[in-house]
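Structure at a glance
Each chain is listed here by its residues.
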There are 4 protein chains.
Amino acid sequence: MVKVGIIGAGRIGKVHTKSICNLVKNAEIKTIADPFMNEETDKWAHSMGVANTTKDYKEILADPEIDAVLICSSTNTHSPISIEAIKAGKHVFCEKPIDHDVAKIKEVMDALKDSDVKYQVGFNRRFDHNFEAVKNAVTAGQIGDPHIIKVTSRDPEPPSAEYVKVSGGIFLDMTIHDFDMVRFLAGCDATEVYVQSAVLVDPSIGEAGDVDTAVITLQMENGAIAVIDNSRKAAYGYDQRAEVFGSKGMVATVNDTQSSAVISTAEGVTGEKPLYFFLERYMDSFAKEMNCFIDAIENNTDTPLGVEDGLKPVIMGLAAKKSVEEHRPVKISEIQL
Amino acid sequence: MVKVGIIGAGRIGKVHTKSICNLVKNAEIKTIADPFMNEETDKWAHSMGVANTTKDYKEILADPEIDAVLICSSTNTHSPISIEAIKAGKHVFCEKPIDHDVAKIKEVMDALKDSDVKYQVGFNRRFDHNFEAVKNAVTAGQIGDPHIIKVTSRDPEPPSAEYVKVSGGIFLDMTIHDFDMVRFLAGCDATEVYVQSAVLVDPSIGEAGDVDTAVITLQMENGAIAVIDNSRKAAYGYDQRAEVFGSKGMVATVNDTQSSAVISTAEGVTGEKPLYFFLERYMDSFAKEMNCFIDAIENNTDTPLGVEDGLKPVIMGLAAKKSVEEHRPVKISEIQL
Amino acid sequence: MVKVGIIGAGRIGKVHTKSICNLVKNAEIKTIADPFMNEETDKWAHSMGVANTTKDYKEILADPEIDAVLICSSTNTHSPISIEAIKAGKHVFCEKPIDHDVAKIKEVMDALKDSDVKYQVGFNRRFDHNFEAVKNAVTAGQIGDPHIIKVTSRDPEPPSAEYVKVSGGIFLDMTIHDFDMVRFLAGCDATEVYVQSAVLVDPSIGEAGDVDTAVITLQMENGAIAVIDNSRKAAYGYDQRAEVFGSKGMVATVNDTQSSAVISTAEGVTGEKPLYFFLERYMDSFAKEMNCFIDAIENNTDTPLGVEDGLKPVIMGLAAKKSVEEHRPVKISEIQL
Amino acid sequence: MVKVGIIGAGRIGKVHTKSICNLVKNAEIKTIADPFMNEETDKWAHSMGVANTTKDYKEILADPEIDAVLICSSTNTHSPISIEAIKAGKHVFCEKPIDHDVAKIKEVMDALKDSDVKYQVGFNRRFDHNFEAVKNAVTAGQIGDPHIIKVTSRDPEPPSAEYVKVSGGIFLDMTIHDFDMVRFLAGCDATEVYVQSAVLVDPSIGEAGDVDTAVITLQMENGAIAVIDNSRKAAYGYDQRAEVFGSKGMVATVNDTQSSAVISTAEGVTGEKPLYFFLERYMDSFAKEMNCFIDAIENNTDTPLGVEDGLKPVIMGLAAKKSVEEHRPVKISEIQL
């Protein structure tokens, strides 16, 4: 039984708490830390069977009984807490992105070098049933060599302008998942990025120095071309699809819905909208990634998504930003490591 | 927190144990009883956090701490244990069918008459996301008055001839779920049943005195005509669909699959088969029905599926058997209560 | 080049005229006859390149240049004109049904006995791309032995009460196509029919002595069970589907639409309704059946749908009527030939 | 009745011949010209009801009875014959592309300036039922302002290396249809093009100086971003889809198939591959575009696709070629007119 401490009791911290309590066999949460820990959260934690809560995450790092930590705090704390936790000998599950700054991720990598600690990054979509099926078809050779990889990723609602300002921009905040997906489906890295982007959803996003609509083309190492299309607002809900086209065929998915019911009337033939947002769509994948992390600890194997997998999408995001700024294709190698 | 005892640790008993442990908030299993309780099951029960196991279900009934029992034992014990439990003042969740014999179900009904005990029957499919969506469309008036109700229900594999002999026959064992579904979707009872049936899957089922393929037509009280088609073996897996056609339109569902991935190659365009069987397809519904049962206890409200809802499909099944024997439409009122 | 005369310039006569002019290679219409031939129809016929029009179909039968006739007149004239045409040595394409009276169809059969004339009945749906694909899958053994055959057939609008009175009733007018489809897909005849029916769409249909909603169960010679569901009014349009379930699997179709466009908005995900009615849905099949008829003449082969294929669905329809009247399953052999 | 001459009796010349003979009401082909006219083609033409054939297209231009010509000859002859025909006062339907050279298209435009001749370019896909439905949804405002336009266009088989050499390259030969589609769906012109391309299908295409796989991003005048993905070889057949995503929602199409039959077996759930290639997929659209051309002549209205609509996609194709050569986004305005 792996004893776990959770650092950060926001939305994603709560998702992982629920997963571990209900769906992860060999893990048990001992402590949840959050600087804004209050009565309500404390009560909720206890109702979930968590023994302790604290405002100070250092209590978790100092607790010799705790084997592993989940870093679910704000992005700017991911890399320093990662390093502290590694030094404290705790296995680390860190939410994406590790950092917006490559240098800081390199520091985490350095800390890991002389350590036996397991490190996993929270790119949960790799564990989604649809994307797993796409990946499996590719890996099994059913579509031959990949030629064109398409990822559609559109959110149901744009974030607030305040959030946009601290988010690192759409490429490090939202597209970063799609960059990981492209790497996952292609089975290799990108060598070049080109972005065509616009502010079409909300002018305040533009005023905050970001874009809200983008088509991103990537040259992959294996010769395939990948293309991601993003929007901060799809009126019909969360649009999450992938298609891989190759020498022998194509594999493609559609969105998940609450049910398959279709209603036919004089007005038309109507089905359900996609599941609303990531909590609805990806709940299963959060439990699966956590089970993989716990398994890697228990069996002393590699985690499925190491610190390098956390670094690469950040580099792709920085290259994408540069492509927008300089309006040209940008080589991944141009981003200074 | 409702304290629960589970009677019967077979397949369905284990399903409910998992649901309650992982997905039902306000319930806690204190004891699991099974006449064949062995070391393995005992170990499994403890790993799920269950405190006690026993070979004697009467220990559960005698335990003043236990509020509710789940009767997951063999069908012939459902009605006597129901009565014992009711007399012991325990709330009862009873797997379907309550009994093959109407008289015995009436005894359960009698026992309930002077009791405050909650009673729920395990027609879990009403809690399935697809059938719920069909029902909601009907209830919301989106398809107008129901005219034709169609239920397709086909199993992936036929049961053994041994099982068939004690099963009560296809209508009481398998179609009974579809009879409940027809009542659920029509919002009323049937008045007449006609069956066209055959042994096409496995001759040993015929030798055991049963059929394995059937088309069942039902006249409903509200004027609608319902039709169920059953097979004991669908080569492609568990086929579970419903369609309601009415004065304003139609609502219909398709099967659930593990993913929406479709692979297109020179050979064709291929999607996934339906989820394999009821454990895969209906897992969510088992948790939902249990939450409803616990809620009814906690809030002292009616359960969504009372003892009458357990009785009616049995009567429909007996009428269906008579229709096969006498090769004619049989009125529901012909079945002696 | 086969020279053709068309008897009857109503809706279906015009459909065949268009098909032959535009899509049938080796046929040419010489004359169109209609007792109500007027200026407008005459003008239309000439615009289609038809040389002659007349009020008297006997002109066609007497014309030695004409090889084949299409009988598109009112149902009560089908059998007498068939016999006259056969005696005049003309090949006959006769719209369905040949007659409502089995004795009269037998007279046509008698007339054909000593004749070299080709005779084809207009069950056009056999030539529809979807039903052809279902049949091909069955014939190719892809679904094994058929166990359950399902045909859904619902019209977009009920006929007038006046039409209902002379139509021979729903089974001889509408279901007759589905009876043919069941024979086509099963590859054999029915032995028994049971009908559950109701008047749910339009009370005036009931007053005219007919029903408008029906579920028809058929026992087929090969052991399969067939079930047809009919409604005179589907609010969403013409619903024409088939499913064959067998020992190795299932083949099923959905409705045709004008396009595959699906619109996703905040309100839902909406596709198109089925093509409106038989002219839209089955236009291709009308040309295909005609090409088959002309080919049979040119190559002196059997037509794909002989006079027996015209007789059998009428018998099934009469058995269905008897089933409604006597509220019991009716053997096909009970219908006097 | 418009009298038509067809110049070029190759594949597309034959398609238009069939359309006009069978499906275009007010047109009649008088003469077909082809430099390689032989006995077989002559026989075929007469079987279609065409009066004359010739090796010399100038006979058609000199024939005072002929109102309109269809230029279906090799691409390099399109612009000179267009000019000759215009000068001869014949209405012109010209297959795409008018020319690979902008200057030559400008000469056609000059010739048209002082003429009453109707001119239509053969971008038939605008008349396809699926793309029409997408366009209609956009025009009706159902998806709001377009933000992202996606066109998937993949051929079933690559052309020969010989053909590739004279084709003008993938962008002028194949993508040109998609450039037109993007203009059609966006309702405006592109301002910039960026291409990521590769030789992944057939090395001989690369040796011929062309690419066979491409993702093309376009900035549209109305702010939308368009993305086309092309492959010269889709193993599963002709892949022709479009999706428009906007402020209020999305409209998307899937491929057409011969039937909707889906076969479910132990091996999987299999549907049909897309219709094989453009002759199968777009046959209806060829008839529709021709009816529009004939209508424009008869009613003296504008054709739906004038000479400008022939010019714009060529410019987009030249910009795409430049983008590949210089590996950068290229403004449409950089292409010299």
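Given the structure is predicted, the values throughout are model-derived calculations rather than measurements. (Residues numbered from 1 in each chain as written. Chains lettered and ligands numbered in written order. Predicted model: local features only at pLDDT ≥ 70, side-chain atom pairs only at ≥ 80, totals over all residues. Heavy atoms only, no water.)

**Quick word on the overall build of chain A**
We apply this condition: Strands here mean DSSP runs of E at least two residues long; helices mean DSSP runs of H or I at least four residues long; both are numbered from the N terminus. Accessible area is worked out with a 1.4 Å probe on protein chains only. A residue is then buried under 20% of its type maximum, exposed over 50%, and partly exposed in between. Any two residues whose heavy atoms approach within 4.5 Å are treated as being in contact. The sign given to each residue is positive for Lys and Arg and negative for Asp and Glu; His and the chain ends receive no count. Throughout, a charge is located at the NZ atom of Lys, the CZ atom of Arg, the CG atom of Asp or the CD atom of Glu.
Helices and strands together make up the secondary structure of chain A, namely 12 helices and 15 strands. Seen through its principal axes, chain A has C-alpha atoms that stretch 55 × 55 × 45 Å. The buried share among the 337 residues of chain A stands at 62%. Contacts in chain A between residues at least 24 apart in sequence constitute 71% of all its contacts with a sequence separation of at least 6. Across chain A, the 35 positively charged side chains and the 51 negatively charged ones have centroids separated by 1 Å.

**Some thoughts on the interface of chain D and chain C**
Basically, it comes down to this: As used here, buried area is the combined drop in accessible area, with a 1.4 Å probe, of two parts when they are placed together. Put simply, a salt bridge is a Lys or Arg side-chain nitrogen that is within 4 Å of an Asp or Glu carboxyl oxygen. The term polar contact refers here to a pair of N or O atoms within 3.5 Å; inside protein, the definition further demands a hydrogen-donor-capable atom paired with an acceptor-capable atom, and it admits residues adjacent in sequence only when both atoms are side-chain atoms. Residue polarity follows a fixed list, in which Ala, Val, Leu, Ile, Met, Phe, Trp, Tyr, Cys and Pro are nonpolar, Asp, Glu, Lys and Arg are charged, and the others, Gly among them, are polar.
Across the contact, 24 residues belong to chain D and 24 residues belong to chain C. Roughly 1,800 Å² of surface becomes buried between chain D and chain C when both sides are summed, with 50% attributable to carbon and sulfur atoms. Contact with chain C buries area across many residues of chain D, yet Asn22, Ser260 and Ile263 of chain D alone supply 24% of it, more than any other trio. Here chain D is connected to chain C by 0 salt bridges. Inspection of the region where chain D meets chain C yields 11 residue pairs in polar contact (both at pLDDT 80 or more). Looking at the side of chain D that touches chain C, the elements with two or more residues in it are helix H6 (129-139), strand S12 (249-252) and strand S13 (262-265) of chain D. Residues that form the side of chain D that touches chain C fall into these classes: 11 nonpolar, 11 polar and 2 charged.

**Focus: the sheet that holds strand S1 (residues 2-7) of chain B**
All names here are of chain B. Worth spelling out the cut-off: Strand pairing is assigned whenever DSSP identifies at least 2 bridges connecting the two strands. For helices, the fitted axis covers only the stretch in contact; all axes are lines through C-alpha atoms, and the angles between them, taken along N-to-C directions, range from 0 to 180 degrees.
Taken in spatial order, the 6 strands make up an open sheet running S3-S2-S1-S4-S5-S6, and their pairing is parallel. One side of each edge strand has no neighbouring strand; the edge strands of this open sheet are strand S3 (52-54) and strand S6 (119-121). Direction aside, the axes of adjacent strands within the sheet are offset by 20 degrees on average. Where strand S4 (residues 68-71) and strand S5 (residues 91-94) come together, 4 bridges link them in parallel fashion. Bridge pairing in S5 links Leu70 to Phe93. Running at roughly 165 degrees to S5, helix H11 (residues 278-299) makes contact with S1, strand S2 (27-33), S4, S5 and S6 of the sheet.

**Some remarks on the UniProt feature "domain: GFO/IDH/MocA-like oxidoreductase" (unreviewed entry) in chain A**
As a reminder of what qualifies: UniProt positions are given in the numbering used here, feature names are shortened, and annotations may be inferred rather than shown by experiment.
The positions that UniProt labels "domain: GFO/IDH/MocA-like oxidoreductase" (unreviewed entry) are, in the present scheme, residues 131-251 of chain A. In residues 131-251 of chain A, helix accounts for 30% and strand for 36%; the two terminal C-alpha atoms are 10 Å from one another.

**Some points on the sheet that holds strand S4 (residues 68-71) of chain D**
All names here are of chain D. Taken together, the 6 strands give an open sheet; going across it, the order is S3-S2-S1-S4-S5-S6, and neighbouring strands pair in parallel fashion. Each having just a single partner strand, strand S3 (52-54) and strand S6 (119-121) make up the two edges of the open sheet. Averaged over all pairs of adjacent strands, the angle between strand axes in this sheet comes to 20 degrees, irrespective of strand direction. Judged from the 6 bridges that link them, strand S1 (residues 2-7) and strand S2 (residues 27-33) form a sheet pairing that is parallel. Note on S2: the bridge partner recorded for Val4 is Ile29. Sheet strands in contact with helix H11 (residues 278-299) are S1, S2, S4, strand S5 (91-94) and S6, and its direction is about 165 degrees off that of S5.

**Observations concerning the confidence of the model for chain A**
Applied cut-off: Residue-level confidence of the predictor is summarised by pLDDT, bounded by 0 at the bottom and 100 at the top.
Overall, the prediction assigns chain A a mean pLDDT of 96, with 100% of residues at 70 or greater. In the predicted complex, the global pTM is 0.96; the interface-specific ipTM is 0.96.

**Let's talk about the interface of chain D and chain A**
Taken residue by residue, the interface counts 38 residues in chain D and 38 residues in chain A. The tally of links from chain D across to chain A stands at 6 salt bridges. A salt bridge links Glu243 of chain D to Arg154 of chain A, with the nearest nitrogen and oxygen atoms 2.8 Å apart. Along the contact surface separating chain D from chain A lie 15 residue pairs in polar contact (both at pLDDT 80 or more). Every element with two or more residues in the side of chain D that touches chain A is listed here: strand S7 (146-154), strand S8 (190-198), strand S9 (213-220), strand S10 (225-231), strand S11 (239-246) and S12 of chain D. Of the residues belonging to the side of chain D that touches chain A, the class tally is 15 nonpolar, 13 polar and 10 charged.

**Considering the relation of the copies chain D and chain C**
To be explicit about the condition: Least squares is the method for superposing the copies, and the C-alpha atoms it fits come from residues with pLDDT of at least 70 in both.
When chain D is fitted to chain C, the residual RMSD is 0.1 Å, and the transformation amounts to a turn of 180 degrees plus an axial shift of 0.0 Å. When the rotation and shift are considered jointly, the pair of chain copies conforms to a two-fold rotation axis. In terms of proximity to the rotation axis, the leading residue of chain D is Asn22 of chain D, whose C-alpha is 2.2 Å off the axis. An overlap of 100% is found between the interface residues of chain D and their copies at the interface of chain C, pointing to a shared contact surface.

**Focus on the pairing of S1 of chain B**
Residues and elements named next belong to chain B. Note the cut-off: A clockwise path from the first strand over the helix to the second, with the strands pointing away from the viewer, defines a right-handed crossover.
Here S1 lies mainly inside the structure; 5 of its 6 residues are buried. Regarding the hand of the β-α-β motif, the stretch spanning S1, helix H1 (residues 11-23) and S2 is right-handed. Relative to S4, S1 is paired through 4 bridges, and the arrangement is parallel. Across the sheet, the residue bridging to Ile7 is Ile71, located in S4.

**Re the UniProt feature "domain: Gfo/Idh/MocA-like oxidoreductase N-terminal" (unreviewed entry) in chain A**
Feature annotation in UniProt assigns "domain: Gfo/Idh/MocA-like oxidoreductase N-terminal" (unreviewed entry) to the following positions: residues 2-123 of chain A. Secondary structure within residues 2-123 of chain A divides into 43% helix and 22% strand; the distance between the first and last C-alpha atoms comes to 21 Å.

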